[in-house]
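# Coordinates in review
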Amino acid sequence: MSLILASASPRRRELLSLITTDFKVIPAKGEETADKTLPPDILVQRLASQKAAEVAAAYPHDTVIGADTLVFLGSEIMGKPADTADAKRMLTMLSGKVHTVITAAAIARNGSVTKVFAEETKVEFFPLTADEISAYTATGEPMDKAGAYGIQDKGALLVKGITGDYYNVMGLPVGRLYRELKSL
């Protein structure tokens, strides 16, 4: 039985390697279907479960981990930006405010999801100037990240503080996932 990460995210690969280096990466390829009427923690758990279930169907004898991260400001979901203008819009909205990052992880065994959970972290941004937002978006870093920033890279300059799991903001709640895998 092997461990499979159902994600193409280099950050998730890096974070899972804090738990073990003995895993394969087989990204889910299916279209995500998000019911935006669901509460944020349920929505992100469903997305993570879809990824884990897709890969587990093809690899039923392995343990599969699917994950998804979403950023919420109030009730607004901030996924990956569509373009630079969208990234600037998101960062402007997050400027000087506290937002919520929820990452869900789903674990599938024997071809179906057996465990799913979500972790929540509050992140506060400094007030940002238009020049700071333009400089950050010019790096290209925001384009593949929920909420248009990466806390582990230059996005760290935007963050005033966090309450919760730092790794959760990066895309995988490492400590909780370790304990969940250990309990299997």
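Described below are features of the structure shown in this document.

How each quantity is defined
- Residues numbered from 1 in each chain as written.
- Predicted model: local features only at pLDDT ≥ 70, side-chain atom pairs only at ≥ 80, totals over all residues.
- Heavy atoms only, no water.
- Buried < 20%, exposed > 50% of the residue type's maximum accessible area, 1.4 Å probe, protein only.
- Helix = DSSP H or I, 4+ residues; strand = E, 2+ residues; numbered from the N terminus.
- Arc of directions from axis to C-beta.
- Contact = heavy atoms within 4.5 Å.
- Patch = residues over 30% accessible without salt bridge, like charges linked within 9 Å, V, L, I, M, F, W, Y side chains within 5 Å.
- Areas by Shrake-Rupley, 256 points an atom, 1.4 Å probe, with all protein chains shown as cover.
- Salt bridge = Lys/Arg side-chain N within 4 Å of Asp/Glu carboxyl O.
- Polar contact = N/O pair within 3.5 Å; in protein donor to acceptor, adjacent residues only side chain to side chain.

Glancing now at helix α6 (residues 174-182). The set of residues buried in α6 consists of V174, L177, E180 and L181. All buried residues of α6 project into a common sector of 130 degrees when viewed along the axis, lining one side. Exposed side chains of α6 directed beyond 90 degrees from the buried face belong to R179 and K182. Looking at the buried residues of α6, the elements they touch are β1 (3-5), α1 (10-16), β3 (63-73), β5 (98-109), β6 (112-125) and α5 (166-170).

Looking now at a nonpolar patch on the surface. A cluster of nonpolar side chains, L18, I162, Y166 and Y167, forms an exposed patch at the surface whose accessible area comes to about 350 Å². Position of L18 relative to the elements: it lies in the loop between α1 and β2 (24-25).

This part takes up helix α3 (residues 84-94). Every α-helix carries 3.6 residues per turn, so stepping three or four residues along brings you back to the same face. Within α3 the residues assigned to the buried category are D86, A87, M90, L91 and L94. Projected onto a plane normal to the axis of α3, the buried residues spread over an arc of 135 degrees and lie on a single side. For α3, the elements touching its buried residues are β3, β4 (76-78), β5, β6 and α4 (130-138). Of the residues flanking the start of α3, the one acting as N-cap is D83, its side-chain oxygen 3.2 Å from the backbone nitrogen of A85.

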